[in-house]
Amino acid sequence: MDRLCGSALSFSLMAAETELDSPEHAPVHGGAPALSELELEAIDLFIGLLRLLGMPKSVGELYGLLFVSPVALPMDTLMERLNMSKGSASQGLKLLRSFGAVKTVYAAGDRRDHFVAEMDLSRFATNFIKGELQPHLDSGVRRLDRMEQLVTKFSPEEREIAENRLARLRHWHEKGQAMLPWLLKFLIV
């Protein structure tokens, strides 16, 4: 009988430990629950994607957590859950809002702004292209023109090499310019 009670007690303790290891009972960091596996995967995914676009890691962290969150989150909760400074959170949310990737929503009885991810990623991509890529391509034309003027001051041997390289740059630039309208049309559909 003692042996049976001991086994039942061991089983109960193992079950309790397993239950405490679940995401709902994950350890807390400063009062905030630890990030779940789903949250970690989403955050990691968006960090990688947004880094390709030259954005800081914090922007990917914020968008990833908001993307999988079933509820709107205030900035202080985002800061706490992501262990992020107020400056990083504020700048990241401002950038995400400027691209239409997150929006603020009203939370009854709470004066803080609450944020939700915009689920239409094509809107985010379109705003990024129009706000970031297009201006770079536009300034590229002026730079290429200026570089061609500078090449005229080179010696004939240096000029030939530089002109060949500038011709390649102009070709790549024209290809990029030609792709943007197609890319935007593809994203908007």
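Let me sum up the structure you'll find in this document. No experiment lies behind these values; they were computed from the predicted model shown. (Residues numbered from 1 in each chain as written. Predicted model: local features only at pLDDT ≥ 70, side-chain atom pairs only at ≥ 80, totals over all residues. Heavy atoms only, no water.)

## Description of the environment of Ser-58
Note that Ser-58 resides in helix H3 (residues 57-68). Spatially, the C-alpha atom of Ser-58 lies 9.0 Å from that of Gln-91, the residues being 33 residues apart in sequence. Ignoring anything within four residues of it in the chain, the contact list for Ser-58 reads Met-84 and Ser-88. (Helix = DSSP H or I, 4+ residues; strand = E, 2+ residues; numbered from the N terminus. Contact = heavy atoms within 4.5 Å.)

## What to know about the layout of surface pockets
In this structure, the largest pocket encloses a volume near 260 Å³. Looking at the largest pocket, the residues that line it are Phe-46, Leu-49, Leu-50, Leu-52, Leu-53, Tyr-63, Ala-101, Leu-121, Phe-124, Ala-125, Phe-128 and Ile-129. Those elements that place two or more of their residues in the lining of the largest pocket are helix H2 (37-52) and helix H6 (121-151). The dominant element in the lining of the largest pocket, judged by the number of residues it contributes, is H6, at five residues. A class-by-class count of the residues in the lining of the largest pocket yields twelve nonpolar, no polar and no charged. (1 Å grid on protein atoms, 1.4 Å probe; cavity = no way out; pocket = protein on both sides within 12 Å on 5 of 7 lines; lining within 4 Å. Points joined across faces, edges and corners; volume = space filled by probe spheres on them. Nonpolar A, V, L, I, M, F, W, Y, C, P; charged D, E, K, R; others polar.)

## A few points about the packing of H3 against helix H5 (residues 86-98)
Orientation of H3 relative to H5, taken along the N-to-C sense of each, is 70°, at an axis distance of 9 Å. By the criterion of interaxial angle, the relationship of H3 to H5 is roughly perpendicular. For the pair formed by H3 and H5, the contact residues are Ser-58, Val-59, Leu-62, Tyr-63 and Leu-66 on the first element and Ser-88, Ala-89, Gly-92, Leu-93, Leu-95 and Leu-96 on the second. Grouping the amino acids of the contact of H3 with H5 by side-chain chemistry returns eight nonpolar, three polar and no charged. (Axes fitted to C-alpha atoms, helices over the stretch in contact; angles between N-to-C directions. Parallel < 35°, antiparallel > 145°, perpendicular 65-115°, else oblique.)

## Some points on the nonpolar core
Within the largest apolar cluster, 25 residues are counted, with the highest numbers of intra-cluster contacts made by Met-55, Leu-62, Tyr-63, Leu-66, Leu-78, Leu-96 and Phe-124. Going through the elements one at a time, H2, H3, helix H4 (75-82), H5, strand S5 (114-117) and H6 are the ones with two or more residues in this core. For Phe-124, the residues in contact, after removing those within four places along its chain, are Leu-50, Leu-53, Met-55, Leu-96, Phe-99 and Ala-101. (Core = buried A, V, L, I, M, F, W, Y, C linked by side-chain atoms within 4.5 Å. Buried < 20%, exposed > 50% of the residue type's maximum accessible area, 1.4 Å probe, protein only.)

## Notes on the environment of Ala-89
Looking at the element boundaries, Ala-89 is found in helix H5. A relative accessible area of 0% places Ala-89 in the buried class. The spatial distance from the C-alpha of Ala-89 to the C-alpha of Asp-76 is 8.6 Å, given a sequence separation of 13 residues.

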